[in-house]
Amino acid sequence: MTSANQNKDVDFSVDDKALIEALGNLSYKKMVSTYNKALKKALQPLLKQARTNLRRTGIKNVGKPYKSKKTGKQYKSMLQGIKISTDARDAENAYGKVHILGDFRLKWWELGTGYRYTNNGKFRGAIQPRRFFKPAVDQKGKECMDSLDETVKKEIQKVWDK
């Protein structure tokens, strides 16, 4: 490679006028909806990886609903407890997150517990942590962040084409 090739400037320009015009024509409600969809699409790889990791932990019946023996209440499966939450109503504070708070049991499997005793002093054991969420964030977090801008542009283009 010669020094002449190293010093070449590459001109690259993007015409954002059409994008700005498209955003100007969207109503506030449509803009928020579009951004929420884009956030959810960008977070899908993390959601899928967390669910895959949960299946691989060896915890029994993660895909089956749970029925409480005491109250008889029916809970969804632990896989459905891993959820995506988004909020784009405020442009400066818009966020999207994947969390495990959709099922009360998931935090115990992720973090574990100390020794547990009843009020009568009977020992009930401890739950060893079976990390499934933190490794998923480590594996797919960067991919989600990198794909966010592209996903937002695609969603805006879909709305613009309609």
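Everything quoted here is computed from the prediction, not taken from an experiment.

Student: Hey, could you run me through the overall build of the chain in this one?
Tutor: Counting its secondary structure elements, the chain contains 5 helices and 6 strands. Across the 162 residues that make up the chain, the buried fraction comes to 30%. When contacts within the chain are restricted to residue pairs at least 6 apart in sequence, long-range pairs at least 24 apart make up 56% of them.

Student: Even after reading the chapter, I still don't get helix α3 (residues 28–56), so can you show me in this structure?
Tutor: Turn by turn, an α-helix covers 3.6 residues, leaving residues three or four places apart pointing in a common direction. The terminal C-alpha atoms of α3 lie 42 Å apart, and with 29 residues this matches the ideal 42 Å at 1.5 Å per residue to within 8%. If you look at α3, its biggest bend is around 40 degrees, right at Leu 43, and the proline Pro 45 turns up within four residues after that. Positive phi appears at Gly 58, one or two residues downstream of α3, with a value of about 95 degrees.

Student: Is there a simple way to think about the packing of α3 against helix α5 (residues 133–161) in this case?
Tutor: Axes are the key here: two packed helices are described by the angle between their axes and the distance separating the axes. Contact pair α3 / α5: the axes reach a minimum separation of 8 Å and the direction vectors enclose 150 degrees. Here α5 runs roughly antiparallel to α3, going by the angle between their axes. Classified by chirality, the crossing of α5 by α3 is right-handed. For the contact of α3 with α5, the per-class residue count stands at 17 nonpolar, 6 polar and 7 charged.

Student: Help me understand a nonpolar patch on the surface, please; the structure alone is not making it clear to me.
Tutor: On the surface, a cluster of nonpolar side chains totalling about 270 Å² of accessible area is made up of Tyr 66, Phe 104 and Trp 108. Relative to the helices and strands, Trp 108 is located in helix α4 (residues 106–111).

Student: Help me out: how do you make sense of the confidence of the model for the chain in this one?
Tutor: Low pLDDT marks regions whose predicted coordinates should not be analysed in detail. Residues of the chain with pLDDT of at least 70 account for 85%, and the chain-wide mean is 84. For the stretch residues 1–15, pLDDT sits under 50, and the model shows 1 contact to residues farther than four places along the chain or on other chains.

Student: Would you take a moment to explain the nonpolar core for this structure?
Tutor: It is characteristic of soluble globular proteins that their nonpolar side chains tend to be buried jointly. In terms of nonpolar packing, the biggest core is built from 18 residues, with Leu 54, Ile 82, Val 98, Leu 106 and Phe 132 touching the most fellow members. Sorting the residues of this core by element identifies α3 and α5 as the ones contributing at least two each. Those residues in contact with Leu 106 that lie beyond four places of it in its chain are Leu 54, Met 78, Gly 81, Ile 82, Ile 100 and Phe 132. Ranked by size, the runner-up nonpolar core spans 6 residues in total, among them Ala 38, Ala 42, Leu 148 and Val 152.

Student: Quick question: what am I supposed to make of the environment of Gln 139 here?
Tutor: Within the secondary structure layout, Gln 139 lies in helix α5. Counting along the chain gives 89 residues from Gln 139 to Ala 50, while the straight-line C-alpha distance between them is 9.6 Å. With sequence-adjacent residues up to four places away left out, Gln 139 is seen in contact with Gln 49 and Asn 53.

Student: Is there a simple way to explain the pattern of salt bridges in this structure?
Tutor: Two side chains that carry opposite charge are able to pair once their charged atoms sit near each other. The tally for this structure, following the rule as stated, stands at 8 salt bridges. We note a salt bridge from Asp 87 to Arg 89, for which the minimum N-O separation is 2.9 Å. Residue class for Arg 89 comes out exposed when judged on its relative accessible area of 57%. Ionic pairing is found between Lys 142 and Asp 146, a salt bridge with its closest N-O pair at 3.5 Å.

Student: What is the right way to read unusual backbone geometry from this model?
Tutor: Leaving glycine aside, a negative phi is the common case for residues, and trans is the common case for peptide bonds. Phi at Asn 61 takes a positive value of approximately 55 degrees, unusual for a residue other than glycine. Relative to the elements of secondary structure, Asn 61 occurs in the loop between α3 and β1 (66–67).

Calculation criteria
- Residues numbered from 1 in each chain as written.
- Predicted model: local features only at pLDDT ≥ 70, side-chain atom pairs only at ≥ 80, totals over all residues.
- Heavy atoms only, no water.
- Helix = DSSP H or I, 4+ residues; strand = E, 2+ residues; numbered from the N terminus.
- Buried < 20%, exposed > 50% of the residue type's maximum accessible area, 1.4 Å probe, protein only.
- Contact = heavy atoms within 4.5 Å.
- Expected span 1.5 Å × (residues − 1).
- Bend = angle between axes of the 7 residues up to and from the residue.
- Axes fitted to C-alpha atoms, helices over the stretch in contact; angles between N-to-C directions.
- Parallel < 35°, antiparallel > 145°, perpendicular 65-115°, else oblique.
- Left-handed = near helix turned anticlockwise from the far one by under 90°.
- Nonpolar A, V, L, I, M, F, W, Y, C, P; charged D, E, K, R; others polar.
- Patch = residues over 30% accessible without salt bridge, like charges linked within 9 Å, V, L, I, M, F, W, Y side chains within 5 Å.
- Areas by Shrake-Rupley, 256 points an atom, 1.4 Å probe, with all protein chains shown as cover.
- Salt bridge = Lys/Arg side-chain N within 4 Å of Asp/Glu carboxyl O.
- pLDDT = per-residue confidence, 0-100.
- Core = buried A, V, L, I, M, F, W, Y, C linked by side-chain atoms within 4.5 Å.

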